[in-house]
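Fold and geometry: a report
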Amino acid sequence: MVTRASAGPKLEHKGYNRGLILGLTMAESMLLLVFCLLLVAAAMITAERRHRMDAEQRLAQLEQQNKELSAQLVEAQSKLGANMSAADRVKFESEWRELVSARQIIDRLKMNDASPADLAKLAAVGKVLVANNIPLDQARDRLEQLLHGQTEPHEWPPIINLSEAGGYYFTSGSAALTPEFEDRLETSIADQIADNLERYKVDVIEVIGHTDEQRLSRSMSNLDDASIEVIDGALPVETLQPADNAGLGLARAIAVANILKANRKLKDVTVLPMSAAQLVIPGDTLTSGRAGNVKERRRIEIRIRRRAESLQP
């Protein structure tokens, strides 16, 4: 009896490897990783061995130098021993040890890429730190603060603005002070100036008069003749008759300066009246031409500063 083979296709079943990484099995991948780690370890061991050999070589050189110096010491002692007293021999041996120690220190500095000149520079830096009361252990932090701009800002004396914003302003074309304005100058404003003079150790008060850009109708000015007498107190402020805004600003400054000069709290300072005319608007900005009746611009600014050195011999 003959049996026929099945006419259907024969399927071949094979087992496939699973868990391949870049075409490698897990076992092959682990072997490759271990091999790489061994290479890294070998490189590290070789570098460490090289460092150890260099250190041993340096140590051998130092030992050889010590032997040579010891031999020189023995030779020098033998040559000088016959002619030296016991006290001189002790002094000589002490100085020789110091010399040897200094030589070893210099050798160590050279091994670390340093030199005696570097030590001299460090000593100069140390003097600067001591002069500025900066401990050596804080020098690095202070330097980083300076490099990153983290220092405390320098304090300058404030500018005291007296204008319409605070209720202190002049009538258009006039340098006369209102009673309220004059009272505040003699009390709270004088107190504020005195406090700032003490705090900032300054001794000059600058009183700067400002105007708006309205033109004055007066054609003649008497400031050249009367301003000195007014500021000396011989004539009242109302005597001043300015013919332009520059003169009007100066008259306003003189009016305020005379009040401050008479205050006992400000007796040891110099009060200087000045004029900015119509040129500077509030906010320290030059005007570009803004005519009109503007109260805020008819103001006084008070600045304090330290006296400049005299140019006279």
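Residues numbered from 1 in each chain as written. Predicted model: local features only at pLDDT ≥ 70, side-chain atom pairs only at ≥ 80, totals over all residues. Heavy atoms only, no water.

Observations regarding a negative patch on the surface
- A contiguous patch of negative charge, built from Glu180, Glu182, Asp183 and Glu186, is present on the exposed surface.
- Here Glu180 shows up in helix α5 (residues 179–186). (Patch = residues over 30% accessible without salt bridge, like charges linked within 9 Å, V, L, I, M, F, W, Y side chains within 5 Å. Areas by Shrake-Rupley, 256 points an atom, 1.4 Å probe, with all protein chains shown as cover. Salt bridge = Lys/Arg side-chain N within 4 Å of Asp/Glu carboxyl O. Lys, Arg positive; Asp, Glu negative; His and termini not counted. Charge placed at Lys NZ, Arg CZ, Asp CG, Glu CD. Helix = DSSP H or I, 4+ residues; strand = E, 2+ residues; numbered from the N terminus.)

Here we look at the pattern of salt bridges
- Applying the stated criterion across every chain, the model contains ten salt bridges.
- As a salt-bridge pair, Lys265 and Asp191 come within 2.1 Å of each other at their nearest N and O atoms. Of this pair, Lys265 sits in the loop between α8 (245–261) and β3 (270–277) while Asp191 sits in helix α6 (residues 188–200), and the two are 74 residues apart along the sequence.
- In this structure, the salt-bridge partner of Arg297 is Glu213, at a minimum N-O distance of 2.9 Å. Within this pair, whereas Arg297 is found in the loop between β5 (285–286) and β6 (300–305), its partner Glu213 is found in the loop between β2 (204–210) and α7 (223–231), the two being separated by 84 residues in sequence.
- On the basis of relative accessibility, which here comes to 3%, the residue Arg297 falls in the buried class.
- You can call Glu213 buried: its relative accessible area is 17%. (Buried < 20%, exposed > 50% of the residue type's maximum accessible area, 1.4 Å probe, protein only.)

Quick notes on α8
- Spanning 17 residues, α8 covers 24 Å between terminal C-alpha atoms, matching the ideal 24 Å at 1.5 Å per step.
- Of all 17 residues making up α8, 14 are buried, and the element is well covered by its neighbours. (Expected span 1.5 Å × (residues − 1).)

Quick word on the nonpolar core
- With 37 residues, the main nonpolar core has Ile193, Ile205 and Leu260 as its most contacted residues.
- Contributions of two or more residues to this core are made by β1 (160–162), α5, α6, β2, α7, α8 and β6.
- Those residues in contact with Ile193 that sit more than four places away from it in its chain are Ile160, Ile205, Leu260, Leu266, Ile302 and Ile304.
- Leu69, Leu73, Phe92 and Val100 belong to the second largest nonpolar core, which has five residues in total. (Core = buried A, V, L, I, M, F, W, Y, C linked by side-chain atoms within 4.5 Å. Contact = heavy atoms within 4.5 Å.)

Comments concerning the packing of α7 against α8
- Running from N to C, α7 and α8 cross one another at 15°; their axes reach a closest spacing of 10 Å. On the basis of the axis angle, α7 is roughly parallel to α8. Classified by chirality, the crossing of α8 by α7 is left-handed. Contact with α7, carried on its side by Leu223, Ser227, Val230 and Ile231, involves Gly247, Leu250, Ile254, Asn258 and Lys261 of α8 and no other residues of that element.
- Per-class residue counts for the contact of α7 with α8 are five nonpolar, three polar and one charged. (Axes fitted to C-alpha atoms, helices over the stretch in contact; angles between N-to-C directions. Parallel < 35°, antiparallel > 145°, perpendicular 65-115°, else oblique. Left-handed = near helix turned anticlockwise from the far one by under 90°. Nonpolar A, V, L, I, M, F, W, Y, C, P; charged D, E, K, R; others polar.)

Description of the sheet that holds β3
- Judged by pairing direction, the sheet is mixed, and its four strands sit side by side in the order β1-β6-β2-β3 without closing on themselves. With one partner strand each, in any of the chains shown, β1 and β3 form the two edges of the open sheet. Going across the sheet, the axis of each strand differs from the next one's by a mean of 20°, ignoring polarity.
- As paired elements, β2 and β6 share six bridges and run antiparallel to each other. (Pairing = 2+ DSSP bridges.)

A closer look at unusual backbone geometry
- Although it is not a glycine, Ala277 sits at a positive phi angle of roughly 50°.
- Position of Ala277 relative to the elements: it lies in strand β3.

Details of a nonpolar patch on the surface
- On the surface, Met30, Leu33 and Leu37 cluster together into a nonpolar patch covering about 300 Å² of accessible area.
- The topology assignment puts Leu33 in helix α1 (residues 26–80).
- Assessed through its relative accessible area of 45%, Leu33 is described here as partly exposed.

Notes on the confidence of the model for the chain
- Of all residues in the chain, 79% have pLDDT values of 70 or greater, and the mean over the chain is 78.
- This model gives residues 11–17 a pLDDT under 50, and the stretch forms one contact once residues within four places in sequence are excluded. (pLDDT = per-residue confidence, 0-100.)

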